[in-house]
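# Descriptive structure summary
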Amino acid sequence: AQKVTQAQTEISVVEKEDVTLDCVYETRDTTYYLFWYKQPPSGELVFLIRRNSFDEQNEISGRYSWNFQKSTSSFNFTITASQVVDSAVYFCALSEGGGAQKLVFGQGTRLTINP
Amino acid sequence: GAVVSQHPSRVICKSGTSVKIECRSLDFQATTMFWYRQFPKKSLMLMATSNEGSKATYEQGVEKDKFLINHASLTLSTLTVTSAHPEDSSFYICSARDGQGAYSPLHFGNGTRLTVT
């Protein structure tokens, strides 16, 4: 069965610091997809990034970057020069390529950026 | 981008009554929609997969007679919480894929906060 673990329940940093959110996943499928979502206090879920299991290339989007390592089953998310607006709960999620293709979420990491 | 609309955003009901939540894909068709439940400060737990024109697939531990799902068209799925009780109070979120396959990201509605008194 697929599983996603975000060991960091809460992280609090001062603005402009860099912060990395960890994500470790488990799956028996060779084809799978990884996602990160952001949930601000208003509650809606915002899609940030997706990666398929065959693409280990890291990605950078502005202050956001993602490090996908199949060898350690990890898909970590780094925010550089954090800002107060980055405060939210961040979820890592996994979808297997076959079957129902349902999306399973990690426990989430509550990130607080203090001014 | 793809938009999923969920209604109502908030509902308060009395114990024993039923509540219907609607989920619409506004600019795309969705043969499959997913219903999640989120308790305060907790993760999203998949409740069921809604399939257009057929029965929903429920996750283990979810009472299908309590959480009725109907996916009557390619743009509308509804979740009805029947005979609601205070323990059903939660944040319910629907989602749908714009495109085929697991690589397509799920787009989420804004959620419905249900409070049962």
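For the structure itself, consult the block above.
A brief look at the structure comes next. (Residues numbered from 1 in each chain as written. Chains lettered and ligands numbered in written order. Predicted model: local features only at pLDDT ≥ 70, side-chain atom pairs only at ≥ 80, totals over all residues. Heavy atoms only, no water.)

## Some remarks on the overall build of chain B
Within chain B, the secondary structure is distributed over zero helices and 11 strands. From first element to last, N terminus to C terminus, chain B shows the α and β order β-β-β-β-β-β-β-β-β-β-β. Taken over C-alpha atoms, the radius of gyration comes to 13 Å for chain B, in line with the 13 Å a tight globule of 117 residues would show. Residues counted as buried form 53% of the 117 residues belonging to chain B. Expressed as a percentage of contacts within chain B between residues at least 6 apart in sequence, the contacts between residues at least 24 apart total 54%. When the accessible surface of chain B is totalled, it reaches about 5,800 Å², and 50% of it is carbon and sulfur. Computing the positive centroid from 12 side-chain charges and the negative centroid from 9, chain B places the two 7 Å apart. (Helix = DSSP H or I, 4+ residues; strand = E, 2+ residues; numbered from the N terminus. Rg over C-alpha atoms; globule rule 2.2 N^0.38 Å. Buried < 20%, exposed > 50% of the residue type's maximum accessible area, 1.4 Å probe, protein only. Contact = heavy atoms within 4.5 Å. Areas by Shrake-Rupley, 256 points an atom, 1.4 Å probe, with all protein chains shown as cover. Lys, Arg positive; Asp, Glu negative; His and termini not counted. Charge placed at Lys NZ, Arg CZ, Asp CG, Glu CD.)

## Things to note about the side chain of D88 of chain B
With respect to the element layout, D88 of chain B can be found in the loop between β8 (76–81) and β9 (90–97). Once residues lying within four places of it in the same chain are set aside, the contact partners of D88 of chain B are R37, K66, F67, V81, S83, L114 and V116 of chain B.

## Some points on the packing of aromatic side chains
In the structure shown here, the tally under the stated rule is 18 aromatic pairs over all chains. Taking the centre distance of 6.0 Å and the plane angle of 85° together, the rings of Y64 of chain A and W66 of chain A count as edge-to-face. For Y64 of chain A, a relative accessible area of 14% translates into the label buried. A centroid spacing of 5.9 Å and a plane angle of 50° characterise the contact between Y36 of chain B and F108 of chain B, whose relative ring orientation is tilted. Pair noted here: Y36 of chain B is in strand β4 (residues 32–38) and F108 of chain B is in strand β10 (residues 106–108), with a separation of 72 residues, a long-range link. Grouping aromatic residues by their ring pairs yields a cluster made of F35, Y37, F47, F91 and F105 of chain A together with Y36 and F108 of chain B. (Phe/Tyr/Trp six-rings, centres within 6.5 Å; stacked < 30°, edge-to-face > 60°.)

## Thoughts on the sheet that holds strand β7 (residues 67–73) of chain B
Residues and elements named next belong to chain B. Spatially, β1-β3-β8-β7 is the arrangement adopted by the four strands of the open sheet, whose pairing is antiparallel. A single partner strand is all that each edge strand has here, and the edge strands are β1 (4–7) and β7. On average, each strand axis in the sheet is inclined to that of its neighbour by 15°, with strand direction left out of account. (Pairing = 2+ DSSP bridges. Axes fitted to C-alpha atoms, helices over the stretch in contact; angles between N-to-C directions.)

Geometry only, nothing functional implied.
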